[in-house]
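The chain contents come next:
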Amino acid sequence: MEIIKEINKNILAKDICFIPTMGALHKGHVSLIKEGKQSSLPVIVSIFVNEMQFNDKEDFNNYPKPIEEDIKVLENFNVDYLFIPENDYVYPKNNFEKVSSGELGKQFEGSSRPGHFDGVLTVVNRFFELIRPKIAIFGKKDAQQLFLINEMVVNKKYEIEIIASPTIRESSGLALSSRNSLLTNRGKDKAALLYKVLKSTKKDFYSTGKTNFLENFSSNYLDEEIDIDYLEILDLATFSKPAENTEEFIILIAAYIENLRLIDNIDFKLEGK
Ligand code: AMP
C-alpha cells in the first residue's frame with residue numbers, strides 16, 4: 001500500500017475506486033473496502049477528519065484517531081492507496097468551492113447539526129475534483145449524506161458511479177460507528193435499542209399505516225434513557241414525506257446516548273410484509 005498526502009499523475013491516469021473515511025476503521029468500513037476490491041479497480045481510501053463538517057468542536061477534538069491501527073487494517077485488505085491529506089491541501093487558502101446542501105441539508109440530521117452537510121458535500125466534492133474516481137463507495141448507514149451526495153453527482157454531472165453499501169451491525173443490532181468506541185458497555189446496550197425502535201416502527205407502520213411515530217415511542221424509550229432527537233419515515237427516492245405512490249421507505253432515527261449522537265436507519269419496499 002502506498003501512503004500519499006497528495007494525488008499524483010499516476011493516480012489520475014487510472015480508473016480508480018474511492019472510499020472516503022474519517023478513520024477509526026471498523027467492520028463497516030471494511031465492508032466498503034471489500035466491495036471496492038470487487039470492482040477490480042485499484043482502491044484508494046482517504047482518512048481525513050473534516051473539521052468543516054463538525055458543528056461541535058468538542059466532537060471534533062474527541063473523534064478517535066488511531067492512525068497506526070488503521071494502516072494495519074488497510075494493509076490487511078490490500079488497499080492500493082491510503083490518502084491522508086493535510087488540511088491546506090484539501091482547502092487551499094479558501095480557494096475551493098463551498099457546496100451548499102440546500103433545504104434538505106437543514107432537515108433531520110442537518111436540523112440538529114447546522115452546516116454539517118455543507119461540510120460533507122464540500123469535502124466530498126473536493127475529493128472528487130482531486131481524485132476523479134470512476135467509482136465511489138458510501139455506507140447506507142449515513143442515509144441523508146448518501147442521498148445528498150447522489151444529488152450532487154447528478155447536479156454537477158459527475159461521471160462517477162456511486163455505490164451504496166449496506167449497514168454492518170453488531171449482533172445486538174447496533175450499527176457500527178467510530179463513535180461507538182466512546183460508549184461504555186451500558187451505553188452500547190442502550191444504543192442497541194435504536195435498531196429495535198426502527199424495527200418496531202416498521203412493524204407499526206405496516207399494521208397501522210401511521211407515519212408519525214415519535215409520540216408513540218418516545219415515552220417508552222425515554223425510560224431506557226435514550227434521548228430520541230427524531231424518528232421519521234420518508235420516501236427513500238425523494239427523502240421527503242411518503243406519498244401515495246411511494247414504493248421504497250426509509251425510517252431514520254437519531255438519539256443521544258451518554259452525550260454521543262448516534263444515527264441509524266432501515267429501508268424497505270412495501271411488498272413482502
Ligand atoms: P466515516 O468514517 O464515519 O465518515 O464513514 C466512512 C464511510 O463508511 C461512510 O460512507 C459511512 O456511511 C460508512 N459507514 C460507517 N459506518 C458504517 C456501517 N456500520 N456499515 C456500513 N458502512 C458504514
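1. Some thoughts on helix H8 (residues 143-155)
Okay, step 1: Helix length check: H8, at 13 residues, gives a terminal C-alpha distance of 18 Å against a target of 18 Å (1.5 Å per residue), a fit within 8%.
Okay, step 2: Looking only at H8, the buried set comprises Ala 143, Gln 144, Gln 145, Leu 146, Phe 147, Leu 148, Ile 149, Met 152 and Val 153.
Okay, step 3: The elements touched by buried residues of H8 are helix H6 (109-112), helix H7 (116-131), strand E5 (135-139), strand E6 (161-165), strand E8 (248-257) and strand E9 (260-269).
Okay, step 4: A positive phi of about 55° marks Lys 157, the residue just after H8.

2. Notes on the domain arrangement of the protein
Okay, step 1: As assigned here, the protein comprises domain 1 (2-165) and domain 2 (178-265).
Okay, step 2: In this structure, domain 1 and domain 2 have C-alpha centres spaced 25 Å apart.
Okay, step 3: With 20 residues of domain 1 in contact, the opposing surface of domain 2 contributes 19 residues.
Okay, step 4: Both sides together, the interface formed by domain 1 and domain 2 hides about 1500 Å², and carbon and sulfur atoms give 56% of it.
Okay, step 5: Of all residues in domain 1, Phe 108, Glu 109 and Phe 147 give up the largest surface area on contact with domain 2, accounting jointly for 37% of the area buried on that side.
Okay, step 6: Our enumeration of links across domain 1 and domain 2 arrives at two salt bridges.

3. A short note on the site of the ligand
Okay, step 1: His 29, Gly 139, Asp 142, Ile 168 and Leu 176 are the nearest of the 16 residues found near the ligand.
Okay, step 2: Taking His 29, its side chain carries an N or O atom lying 2.9 Å from an oxygen atom of the ligand.
Okay, step 3: Within the complex, the protein chains bury 92% of what would otherwise be the 490 Å² of accessible surface of the ligand.
Okay, step 4: Mapped by element, the contributors of at least two residues to the shell around the ligand are strand E2 (17-21), helix H2 (27-38) and E5.
Okay, step 5: For the shell around the ligand, the element with the highest residue contribution is H2, accounting for three residues.
Okay, step 6: Of the residues assigned to the shell around the ligand, the class counts are eight nonpolar, six polar and two charged.

4. Let's talk about the sheet that holds strand E3 (residues 43-47)
Okay, step 1: In space, the six strands of this open sheet follow the order E1-E4-E3-E2-E5-E6, with parallel pairing throughout. The sheet terminates laterally at strand E1 (2-4) and E6, the two strands that pair on one side only. Between one strand axis and the next, the sheet turns through 25° on average, direction left out of account.
Okay, step 2: In this sheet, E5 lies alongside E2 in parallel orientation, the contact comprising two bridges. Paired with Phe 18 across the two strands is Ala 136, which belongs to E5.
Okay, step 3: The sheet strands contacting helix H4 (residues 67-76) are E1, E3 and strand E4 (81-83), and the helix crosses E3 at an angle near 170°.

5. Comments concerning helix H10 (residues 193-208)
Okay, step 1: With 16 residues, H10 should reach 22 Å at 1.5 Å per residue; the first-to-last C-alpha distance of 22 Å fits that figure.
Okay, step 2: Residues of H10 that are buried: Leu 193, Leu 194, Val 197, Leu 198, Thr 201, Asp 204, Phe 205 and Tyr 206.
Okay, step 3: A positive phi of about 75° marks Gly 209, the residue just after H10.

6. Here's the deal with the sheet that holds strand E7 (residues 227-235)
Okay, step 1: Within the open sheet, the three strands sit side by side as E7-E8-E9. Their pairing is antiparallel. Looking at which strands have only one partner, the edges of the open sheet turn out to be E7 and E9. For this sheet, the mean angle separating the axes of adjacent strands, direction not counted, is 10°.
Okay, step 2: On top of the sheet, H10 reaches E7, E8 and E9; it is set at about 35° to E9, its chief contact.

7. As for the side chain of His 29
Okay, step 1: In this structure, His 29 sits in helix H2.
Okay, step 2: Among residues more than four places away in sequence, those in contact with His 29 are Thr 21, Gly 23, Ala 24 and Ser 178.

8. As for the pattern of salt bridges
Should their charged atoms come close, side chains of opposite charge can pair.
Okay, step 1: The full count for this structure, using the stated rule, is 13 salt bridges.
Okay, step 2: Of the charged contacts, one joins Asp 59 and Arg 113 as a salt bridge, the two residues approaching to 4.0 Å between their closest N and O atoms. Within this pair, whereas Asp 59 is found in helix H3 (residues 57-62), its partner Arg 113 is found in the loop between H6 and H7, the two being separated by 54 residues in sequence.
Okay, step 3: Overall, the relative accessible area of 17% leaves Asp 59 in the buried class.
Okay, step 4: Among the salt bridges present, the one from Asp 264 reaches Arg 169, with a minimum N-O distance of 2.8 Å. Of this pair, Asp 264 sits in strand E9 while Arg 169 sits in the loop between E6 and helix H9 (185-191); the two residues are 95 residues apart in sequence, bridging distant segments of the chain.
Okay, step 5: Its relative accessible area of 4% is what places Asp 264 among the buried residues.
Okay, step 6: Residue classification places Arg 169 among the partly exposed positions, given a relative accessible area of 22%.
Okay, step 7: Several salt bridges converge on common partners, so that one network encompasses Asp 59, Arg 113 and Arg 179.

Scoring rules and cut-offs
Residues numbered from 1 in each chain as written. Predicted model: local features only at pLDDT ≥ 70, side-chain atom pairs only at ≥ 80, totals over all residues. Heavy atoms only, no water. Helix = DSSP H or I, 4+ residues; strand = E, 2+ residues; numbered from the N terminus. Expected span 1.5 Å × (residues − 1). Buried < 20%, exposed > 50% of the residue type's maximum accessible area, 1.4 Å probe, protein only. Contact = heavy atoms within 4.5 Å. Domains from an automatic or database assignment. Buried area = accessible area lost by both parts, 1.4 Å probe. Salt bridge = Lys/Arg side-chain N within 4 Å of Asp/Glu carboxyl O. Near = heavy atom within 4 Å. Polar contact = N/O pair within 3.5 Å; in protein donor to acceptor, adjacent residues only side chain to side chain. Areas by Shrake-Rupley, 256 points an atom, 1.4 Å probe, with all protein chains shown as cover. Nonpolar A, V, L, I, M, F, W, Y, C, P; charged D, E, K, R; others polar. Pairing = 2+ DSSP bridges. Axes fitted to C-alpha atoms, helices over the stretch in contact; angles between N-to-C directions.

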